[in-house]
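Letter by letter, the chains look like this.
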Amino acid sequence: MLRGKSGEEIELVRESSLLVGKTLAEVASLVRPGVTPLELDKRAYEFIHDHGAVPGFLNYNGFPNSLCISKNEAVVHGIPDEKEVVDGDILSVDCGVLMNGYYGDSAYTFKVGEVSKEVDDLLETTKRSLMLGIEQAVAGNRVGDIGFAVQLEAERNGYGVVRELVGHGLGKKLHEAPEVPNFGKRGRGPVLVDGLVIAIEPMINLGKKGVSQLRDGWTIVTADRKPSAHYEHTIVVRKGKAEVLSTFEFIEEKLKIEA
Ligand code: MG
Ligand code: MG
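Bear in mind that the values here come from a model prediction, so they are computed numbers and not experimental data.

What follows concerns the pairing of strand E2 (residues 67-71). Among the 5 residues in E2, 4 count as buried, and that is most of the element. Bridge analysis of E2 against strand E4 (residues 90-99) gives 5 bridges, and the strand direction is antiparallel. Its bridge partner lying in E4, Lys-71 is registered against Leu-91.

This is how it looks when you write it as structure tokens:
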């Protein structure tokens, strides 16, 4: 059976998750044609340290950077590089921090300049599928209810749902039980309990669901090399309605100002 966290633990995850949201907003303010993923990564590293935390992904299983930055056909786990991004790219930026012994984890897919209508729709649907998944994260439901909701929304729009990578519990560790797939059947899987902290993170492909890994040992790309989107929130399961601990509010404020 899954275990919910104490109020005190949840507050610590909330603080870490808030810092992740602020870090991603800092990234948002820098995303434009000509910026390099490595510049974004450096800024995130400084920002996280300035706020008394450490990047959650740096050195995690040997990952070399603070952010995972996955461009276009890269799904997740992209390594920030020095190649300037161009108008029409999308960047899925995944950020984790560790502060006071607890992790926060959230991801957002940014547009560089103007993207095609096709890609814009993919981003909107992926974000919506995340929200629909969160709606199912209530005590008494099962893990499969979350995946079912995400998958339904993605597939009815003609997109592919990545199977190989999943959401997860988190707290003192970045990855804890349970696994939270973005596909599933209603009423299947472990029962969600009040206080359970999980990251829900749909990875949705414009084309087919298949993925492969690049030779760098990290980057996951779509098998058909079509674009992929990734949004992630850290949430706590509650009775009646889940509480979202991370936030896109700071990001979207920045994006509005930029636009
Ligand atoms: Mg993440
Ligand atoms: Mg995660």
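It is worth spelling out the environment of Leu-98 at this point. Note on placement: Leu-98 falls in strand E4. Distance in space between the C-alpha atoms of Leu-98 and Ile-235 is 16 Å, their sequence separation being 137 residues. Not counting residues within four places of it along the chain, the set of residues in contact with Leu-98 comprises Ala-53, Val-54, Gly-56 and Tyr-103.

Following the criterion strictly, the structure yields 5 aromatic pairs and no others. Ring geometry for Phe-63 against Trp-218: centres 5.0 Å apart, planes inclined by 85°, an arrangement best described as edge-to-face. Here Phe-63, found in the loop between strand E1 (54-55) and E2, pairs with Trp-218, found in the loop between strand E11 (211-213) and strand E12 (220-222); they are 155 residues apart in sequence, far enough to count as distant. Its relative accessible area of 2% is what places Phe-63 among the buried residues. Plain terms: the ring middles of Tyr-108 and Phe-110 are 5.0 Å apart, the flat faces sit at 45° to each other, and that makes the pair tilted.

Turning next to the packing of helix H3 (residues 117-135) against helix H4 (residues 143-156). At a minimum axis separation of 8 Å, H3 and H4 run at an interaxial angle of 155°. One element, H3, and the other, H4, form an angle in the roughly antiparallel class. The hand of the H3/H4 crossing is right-handed. Between H3 and H4, the residues in contact are Thr-125, Arg-128, Ser-129, Leu-132 and Gly-133 and Ile-146, Ala-149, Val-150, Glu-153 and Ala-154, respectively.

One way to put it is that helix H1 (residues 7-28) packs onto helix H2 (residues 37-50) with a least axis distance of 9 Å and a crossing angle of 140°. Between H1 and H2 lies a crossing of right-handed hand. Here Leu-19, Lys-22, Thr-23, Glu-26 and Val-27 of H1 lie close against H2, whose contacting residues are Leu-40, Arg-43, Ala-44, Phe-47 and Ile-48. For the contact of H1 with H2, a count of residues per class yields 6 nonpolar, 1 polar and 3 charged.

Another aspect to go through is the coordination of the magnesium ion (ligand 1). Donor atoms from the polypeptide that bind the magnesium ion (ligand 1) are Asp-94 (OD), Asp-94 (OD), Asp-105 (OD) and Glu-232 (OE), placed at 2.0 to 2.5 Å. Counting the intervening residues between successive donors of the magnesium ion (ligand 1) yields the motif D-x10-D-x126-E. In this structure, the magnesium ion (ligand 1) lies 3.1 Å away from the magnesium ion (ligand 2), the two metals sharing Asp-105 as a donor. Here the residue Asp-94 occupies a position in strand E4, and Glu-232 occupies one in the loop between strand E13 (228-230) and strand E14 (233-236), the gap between them amounting to 138 residues.

Each value, and the rule that gives it
- Residues numbered from 1 in each chain as written.
- Chains lettered and ligands numbered in written order.
- Predicted model: local features only at pLDDT ≥ 70, side-chain atom pairs only at ≥ 80, totals over all residues.
- Heavy atoms only, no water.
- Buried < 20%, exposed > 50% of the residue type's maximum accessible area, 1.4 Å probe, protein only.
- Helix = DSSP H or I, 4+ residues; strand = E, 2+ residues; numbered from the N terminus.
- Pairing = 2+ DSSP bridges.
- Contact = heavy atoms within 4.5 Å.
- Phe/Tyr/Trp six-rings, centres within 6.5 Å; stacked < 30°, edge-to-face > 60°.
- Axes fitted to C-alpha atoms, helices over the stretch in contact; angles between N-to-C directions.
- Parallel < 35°, antiparallel > 145°, perpendicular 65-115°, else oblique.
- Left-handed = near helix turned anticlockwise from the far one by under 90°.
- Nonpolar A, V, L, I, M, F, W, Y, C, P; charged D, E, K, R; others polar.
- Donors = N, O, S within 2.8 Å, 3.2 Å for Na, K, Ca; no water.

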